[in-house]
Amino acid sequence: MKADLLIRHVHLATLADESGYGEVPDAALAVASGRIAWMGPERERPPGLQADREVDGHGGWLTPGLIDCHTHLVWAGSRAAEIERRWQGASYEEIARAGGGIVSTVSATRAASLDELVDAATPRLRALMREGVTTVEIKSGYGLDTETELRLLRAARRLGETHAVRVTTTFLGAHALPPEYRGRPEAYIEQVCSEMLPTAHQEGLVDAVDAYCEGIGFTPAQTRRVFDSARALGLPVKLHADQLSDLGGAALAAEFQALSADHIEYSSRESIAAMARAGTVAVLLPGAYYCLREQQLPDMQALRDHRVPIALSTDCNPGTSPCTSLLLMLHMGCTLFGLTPSEALAGVTRHAARALGLHHHTGRLATGLQADLALWAIDHPRDLACRFGFNPLAASWLAGRSVI
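Parameters and conventions
- Residues numbered from 1 in each chain as written.
- Predicted model: local features only at pLDDT ≥ 70, side-chain atom pairs only at ≥ 80, totals over all residues.
- Heavy atoms only, no water.
- UniProt positions renumbered as here; feature names shortened; annotations may be inferred.
- Pairing = 2+ DSSP bridges.
- Helix = DSSP H or I, 4+ residues; strand = E, 2+ residues; numbered from the N terminus.
- 1 Å grid on protein atoms, 1.4 Å probe; cavity = no way out; pocket = protein on both sides within 12 Å on 5 of 7 lines; lining within 4 Å.
- Points joined across faces, edges and corners; volume = space filled by probe spheres on them.
- Nonpolar A, V, L, I, M, F, W, Y, C, P; charged D, E, K, R; others polar.
- Buried < 20%, exposed > 50% of the residue type's maximum accessible area, 1.4 Å probe, protein only.
- Right-handed = clockwise from strand over helix to strand, strands pointing away.
- Axes fitted to C-alpha atoms, helices over the stretch in contact; angles between N-to-C directions.
- Contact = heavy atoms within 4.5 Å.
- Phe/Tyr/Trp six-rings, centres within 6.5 Å; stacked < 30°, edge-to-face > 60°.
- Lys NZ or Arg CZ within 6 Å of the ring centre and 35° of its normal.
- Left-handed = near helix turned anticlockwise from the far one by under 90°.
- Disulfide = S-S within 2.5 Å.

- Looking up the protein in an unreviewed UniProt entry gives the name Imidazolonepropionase, with the organism given as Caldimonas mangrovi.
- The protein has a UniProt comment under Function (unreviewed entry) that states "Catalyzes the hydrolytic cleavage of the carbon-nitrogen bond in imidazolone-5-propanoate to yield N-formimidoyl-L-glutamate. It is the third step in the universal histidine degradation pathway."
- Listed under Subcellular location (unreviewed entry) in UniProt, the entry text for the protein is "Cytoplasm".

Below, the structure written as structure tokens:
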């Protein structure tokens, strides 16, 4: 067997199934043409296996490359003053209804050029990559007009072209009501469905469609219109669901067999059961929960009882989760939401891949899958969640291509 890359003297955490980390001690892994060609215990390595390049893992742990499956990575401007106001007692809803929140980022983003948006997002993306992230989802949603939404999606595509990272794009035109449509939400949803989304799709800029179904966002009926439009274009959907109240968003997502329902702090057991039947992933966002000082926890027992796949993400955004550390989300997922360390690691690998519809390509260590890999100088995979404020990444690869 001829390989391009052979990584030796490592332990594998395959994350291949629900049984934990999927540990294979004293192992090796071979890569050919960007895919895992062989993996297993070192003692079982095929005698004829040769590689163009060999890497000594020095007894570290090799995991799938991490996946950040929910980000708003591209924006302009700052919301630090808004965060300060929240610390002084103002609620997120109060700030949003007074013209702050998402809308406050829109004006700065509309004024930014494509190059400026890419330049602003690049340090955020590189911070994620330095922690072993090999796949990242990037949403639009800070333009709220056709021109700027397209610019945001083009910026996301460019980031994927200029960095050794897989970028998937999500159209989030139904993120907030722009000021020029104040009092006319139906007219804005019509623009989203008849102009913005079809144009972005025609240009090949959309991998999935999202919406913000919430009291300060859009109603379930308006969200349904967006999802109907996405379905007509053959695009998968996901949803910001039940973050601040239970509007049945998670059940609506399940009705459309959404890839994921995200936040879900207020989702009912019935909605969670619907997600399980639909195969919809629950994406937990502890950064936003922490930053907003939320008190309502997702129903973790219902998620476990119904065996709903649970993913974790940074929700990187300027106002409610200005975070570029997916490793920190592992720790917060365990501390705040009661995940086990193995559940948390599965949440940024196997289940995060499913939340993006990429589970047949990445998110696990298995022969034939993309060789998206992260090598860690740790004693055990649990260290990735149990410690915080440190980065033990030794190396990473995207489809067998060295990243760090």
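Comments concerning the sheet that holds strand E15 (residues 401-402)
Then, in step 1: Taken together, the 7 strands give an open sheet; going across it, the order is E3-E2-E1-E4-E13-E14-E15, and neighbouring strands pair in mixed fashion. Each having just a single partner strand, strand E3 (35-41) and E15 make up the two edges of the open sheet.
Then, in step 2: Both strand E14 (residues 393-398) and E15 contribute to a ladder of 2 bridges, which runs antiparallel. Considered in E15, the bridge of Trp 397 is made with Ser 402.

Observations concerning the UniProt feature "domain: Amidohydrolase-related" (unreviewed entry) in the protein
Then, in step 1: Mapped onto this numbering, the UniProt entry annotates "domain: Amidohydrolase-related" (unreviewed entry) at residues 62-378.
Then, in step 2: Between the C-alpha atoms that bound residues 62-378 the distance is 10 Å, and the span itself is 45% helix and 15% strand.

Examining empty space enclosed by the protein
Then, in step 1: Enumeration over the complete set of coordinates arrives at 1 cavity of 30 Å³ or more.
Then, in step 2: Roughly 140 Å³ of internal volume is contained in the largest cavity.
Then, in step 3: Surrounding the largest cavity, 14 residues form its lining, Tyr 92, Ile 102, His 175, Asn 317 and Thr 320 being those nearest its centre.
Then, in step 4: By residue class, the composition of the lining of the largest cavity is 5 nonpolar, 7 polar and 2 charged.

Re the layout of surface pockets
Then, in step 1: Of the pockets and cavities examined, the largest pocket occupies roughly 480 Å³.
Then, in step 2: Ala 96, Arg 97, Val 103, Leu 177 and Ile 216 are the residues nearest the centre of the largest pocket, which is lined by 23 residues in total.
Then, in step 3: The dominant element in the lining of the largest pocket, judged by the number of residues it contributes, is helix H2 (residues 92-97), at 3 residues.
Then, in step 4: Taken together, the residues of the lining of the largest pocket sort by class into 13 nonpolar, 7 polar and 3 charged.
Then, in step 5: In terms of lining, the second largest pocket is formed by 15 residues, of which the most central are Glu 18, Val 308, Glu 343, Arg 350 and His 351.
Then, in step 6: At the level of secondary structure, the elements contributing two or more residues to the lining of the second largest pocket comprise helix H11 (300-305), helix H13 (341-347) and helix H14 (350-355).
Then, in step 7: Ranked by the residues each element gives to the lining of the second largest pocket, the list is headed by H13, at 3 residues.

Focus: the pairing of strand E7 (residues 166-174)
Then, in step 1: Extensive coverage of E7 is indicated by the burial of 8 of its 9 residues.
Then, in step 2: Relative to E7, strand E6 (residues 133-139) runs parallel, the two sharing 5 bridges. Opposite Glu 137, over in E7, you have Thr 168 as the bridge partner.
Then, in step 3: Direction of pairing for E7 relative to strand E8 (residues 208-213): parallel, over a ladder of 3 bridges. Bridge pairing links Phe 171 to Val 209 in E8.
Then, in step 4: The parallel pair E7 and E8 is bridged by helix H6 (residues 185-202), and the resulting crossover is right-handed.

As for the sheet that holds E6
Then, in step 1: A sheet is described by the order of its strands in space; here 8 strands give the open sequence E5-E6-E7-E8-E9-E10-E11-E12, paired in parallel fashion. Because the sheet does not close on itself, it has two edges, and the strands there are strand E5 (66-68) and strand E12 (310-312). Strand after strand, the sheet turns through a mean of 25 degrees between neighbouring axes, direction not considered.
Then, in step 2: Pairing of E5 with E6 involves 3 bridges; the strand directions are parallel. Across the sheet, the residue bridging to Asp 68 is Val 136, located in E6.
Then, in step 3: Lying on the sheet, helix H5 (residues 146-162) is in contact with E6 and E7; it crosses E7 at an angle near 170 degrees.

Focus: the packing of aromatic side chains
Then, in step 1: All told, the structure shown has 4 aromatic pairs when counted by the stated rule.
Then, in step 2: Aromatic ring contacts, followed pair by pair, group Tyr 181, Tyr 188 and Phe 218 into a single cluster.
Then, in step 3: When the ring centre of Trp 75 is taken as origin, the NZ or CZ atom of Arg 124, which lies over that ring, is 3.5 Å away.
Then, in step 4: One cation-aromatic arrangement involves Arg 387 over Phe 390; the distance from NZ or CZ to the ring centre is 3.8 Å.

Concerning the packing of H5 against H6
Then, in step 1: Contact geometry for H5 and H6: axes closest at 10 Å, N-to-C directions at 35 degrees. Considering only the axes of H5 and H6, their crossing is right-handed. Counted together, Thr 146, Glu 149, Leu 150 and Leu 153 of H5 and Gln 191, Glu 195, Met 196, Thr 199 and Ala 200 of H6 form the full contact between these two elements.
Then, in step 2: Split into classes, the residues belonging to the contact of H5 with H6 amount to 4 nonpolar, 3 polar and 2 charged.

Quick look at the state of the cysteines
Then, in step 1: According to the stated counting rule, one finds 0 disulfides in the structure shown.
Then, in step 2: Cys 193 forms no disulfide, and the closest cysteine sulfur to it belongs to Cys 213, at a distance of 14 Å.
Then, in step 3: Taking relative accessible area as the criterion, Cys 193 reaches 13% and is therefore assigned buried.
Then, in step 4: Of all cysteine sulfurs, the one in Cys 316 lies closest to Cys 323, which takes part in no disulfide; the gap is 7.2 Å.

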